[in-house]
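Summary of the model geometry
Listed here are the chains, written in short residue letters.
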Amino acid sequence: MTDPDTRWVDLHLHTNFSDGADAPKAVAERAASLGVSAIAITDHDTLGGLPEAQAACAVHGIEFLPGVEISSHIGTQELHILGLGVDPANAALGDRLIQMAEVRLDRARTMAAKLNKLGVPVDVAAIEARVHGGVLGRMHLAQAVVELGHAATVQDAFDKYLKTGRPAYVARESISARDAVDAIHAAGGLAFVAHPGIGRIDSRFDVLLDLPFDGIEVFHSKHTADQQKRYAALIENRGLLASGGSDCHGGIKGDPLLMGTVRTPYEVYARIRGRLTGTCSSARS
Ligand code: MN
Ligand code: MN
Ligand code: MN
């Protein structure tokens, strides 16, 4: 009898190129110290952190999958889509994400203006100067609100000002799920429905899976054992791939570090890798 394969991977990680706390290099170092075999960096709407992460993974001897988490919508519902195996140098995807960053920056400026009117003197230009990758979001505004002493924590800033329905909130525009999936495919990647257990996305699978998704994020730090089981059965039925990861942001919201709390089996990564290179066989057959 051979020993069971205990290797594990984390294919959903954020860095400070989006809303994570740590530089890509530090994220790769933490992964290596936890004994992860492969990681994907999946920052929101940017490919900016990928080269640094790739180099750091090479140093630490862990396998690396370039990724992105795109904020899209389907109808009126927000939908996060993971692109795994995208070419970090793909110009069409890169340009699309830069356009989205500009829209996001406009939104941040509008929210900052609202905060200013509410007596919170956030300076959006100063925040912009500190943000890597151009992905300025509500998280950065929330941090500024805390620094100015108008909220105790980032969560408190969201609750007081920035979450849906609060006075500095501005609805966000995003690309359609179909466009996001197509952009990921055009960049050589595979498209996955991210964390379907969050936000009742899993009640929309009938509509979602009409889109050419390659798979579903089955393993996730916020999924219950029951959800994980249901999604695993669904992909089996539909002939889709699984993916999985912690969605660790490095403790930026005062959360515990999520990396290592969900251990996606190495085989999940091997199947994705096999589909990307067109070598591995379908482990399904
Ligand atoms: Mn995030
Ligand atoms: Mn997400
Ligand atoms: Mn995420």
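The structure presented is a predicted model; accordingly, all values stated were derived computationally and were not measured.

1. Let's talk about the side chain of His80
Its place among the elements puts His80 in strand β4 (residues 77-84). There is a polar contact of 3.2 Å between the side chain of His80 and the side chain of Glu78. If near-sequence neighbours (up to four positions away) are discounted, His80 is found in contact with His44, Glu69, Ile70, Ser71, Phe192, Val193, Ala194 and His195.

2. Describing the coordination of the manganese ion (ligand 1)
Ideal values differ by geometry: the angle at a metal is 109.5 degrees with four tetrahedral donors, but 90 or 180 degrees with six octahedral donors. With distances of 2.2 Å, the protein atoms coordinating the manganese ion (ligand 1) are Asp19 (OD), His44 (NE2) and His249 (NE2). Of note, the manganese ion (ligand 1) draws all its donor residues from one chain, in the sequence arrangement D-x24-H-x204-H. Distance-wise, the manganese ion (ligand 2) is placed 5.8 Å from the manganese ion (ligand 1). With His44 in the loop between β2 (38-41) and α2 (50-60) and His249 in the loop between β8 (241-245) and β9 (264-265), the pair connects residues that are 205 residues apart, well separated along the chain.

3. As for the layout of surface pockets
Each pocket or cavity is described by its volume, and for the second largest pocket that value is around 190 Å³. Every residue lining the second largest pocket is counted, 13 residues in all, and those nearest its centre are Phe219, Ile235, Ala242, Val268 and Arg271. Elements with a minimum of two residues in the lining of the second largest pocket: β7 (215-220), α9 (225-238), β8 and α10 (266-277). Residue classes in the lining of the second largest pocket are distributed as 9 nonpolar, no polar and 4 charged.

4. Points about α9
Taking 1.5 Å per residue as the helical rise, α9 with its 14 residues ought to reach 20 Å, and the 20 Å between its terminal C-alpha atoms agrees with that figure. By the burial criterion, the buried members of α9 are Gln227, Tyr231, Leu234 and Ile235. The buried residues of α9 occupy an angular sector of 95° when projected down its axis, which confines them to one face. What points out from α9, more than 90 degrees from its buried face, is the exposed set Ala225, Lys229, Glu236 and Asn237.

5. Details of the confidence of the model for the protein chain
Confidence in the prediction for the protein chain averages 92 pLDDT; 94% of positions are at 70 or higher. Across residues 281-285, confidence stays below pLDDT 50; counting only partners more than four residues off in sequence or on other chains, it has 7 contacts.

6. Describing the nonpolar core
Counting 66 residues, the largest nonpolar core has Ile39, Ile70, Leu79, Ile81, Phe213, Ile216 and Ile272 as its most contacted members. Sequence-distant contacts of Ile39, that is, excluding residues within four places in its chain, are made with Asp10, Leu11, Leu13, Ala28, Ala31, Cys57, Glu63, Phe64 and Leu65. Grouped together as the second largest cluster of nonpolar side chains are 24 residues, Ala142, Ala144, Ala151 and Ala168 included.

7. Quick notes on the pairing of β7
Where burial is concerned, most of β7 is hidden: 6 out of the 6 residues are buried. Of the pairings in the sheet, the one linking strand β6 (residues 190-193) to β7 comprises 2 bridges and is parallel in character. Its bridge partner being in β7, Val193 is matched across the sheet by Ile216. In terms of strand pairing, β7 meets β8 through 5 bridges, oriented parallel. Within β8, the residue paired with Glu217 across the bridge is Ser243. With α9 bridging β7 and the parallel β8, this β-α-β connection has right-handed handedness.

8. Quick word on helix α1 (residues 24-34)
Those residues of α1 that sit buried are Pro24, Val27, Ala28 and Ala31. For α1, the angular spread of the buried residues around the axis is 95°, confining them to a single face. Where α1 is buried, its residues touch β1 (8-13), β2 and α2. Backbone geometry just after α1 places Gly35 at a positive phi near 85°.

9. What about the packing of aromatic side chains?
Following the criterion strictly, the structure yields 2 aromatic pairs and no others. Seen in terms of ring centroids, Phe205 and Tyr231 are 5.8 Å apart; in terms of plane orientation they differ by 80°. Their pairing is edge-to-face. Here the residue Phe205 occupies a position in helix α8 (residues 205-208), and Tyr231 occupies one in helix α9, the gap between them amounting to 26 residues. In this structure, Phe205 and Tyr231 share a single accessibility class: buried. With a centroid separation of 5.5 Å and 55° between ring planes, the pair formed by Tyr266 and Tyr269 is classed as tilted. Linking Tyr266 with Tyr269, this pair stays in helix α10, spanning 3 residues, or about one helical turn.

The rules behind each value
- Residues numbered from 1 in each chain as written.
- Chains lettered and ligands numbered in written order.
- Predicted model: local features only at pLDDT ≥ 70, side-chain atom pairs only at ≥ 80, totals over all residues.
- Heavy atoms only, no water.
- Helix = DSSP H or I, 4+ residues; strand = E, 2+ residues; numbered from the N terminus.
- Polar contact = N/O pair within 3.5 Å; in protein donor to acceptor, adjacent residues only side chain to side chain.
- Contact = heavy atoms within 4.5 Å.
- Donors = N, O, S within 2.8 Å, 3.2 Å for Na, K, Ca; no water.
- 1 Å grid on protein atoms, 1.4 Å probe; cavity = no way out; pocket = protein on both sides within 12 Å on 5 of 7 lines; lining within 4 Å.
- Points joined across faces, edges and corners; volume = space filled by probe spheres on them.
- Nonpolar A, V, L, I, M, F, W, Y, C, P; charged D, E, K, R; others polar.
- Expected span 1.5 Å × (residues − 1).
- Buried < 20%, exposed > 50% of the residue type's maximum accessible area, 1.4 Å probe, protein only.
- Arc of directions from axis to C-beta.
- pLDDT = per-residue confidence, 0-100.
- Core = buried A, V, L, I, M, F, W, Y, C linked by side-chain atoms within 4.5 Å.
- Pairing = 2+ DSSP bridges.
- Right-handed = clockwise from strand over helix to strand, strands pointing away.
- Phe/Tyr/Trp six-rings, centres within 6.5 Å; stacked < 30°, edge-to-face > 60°.

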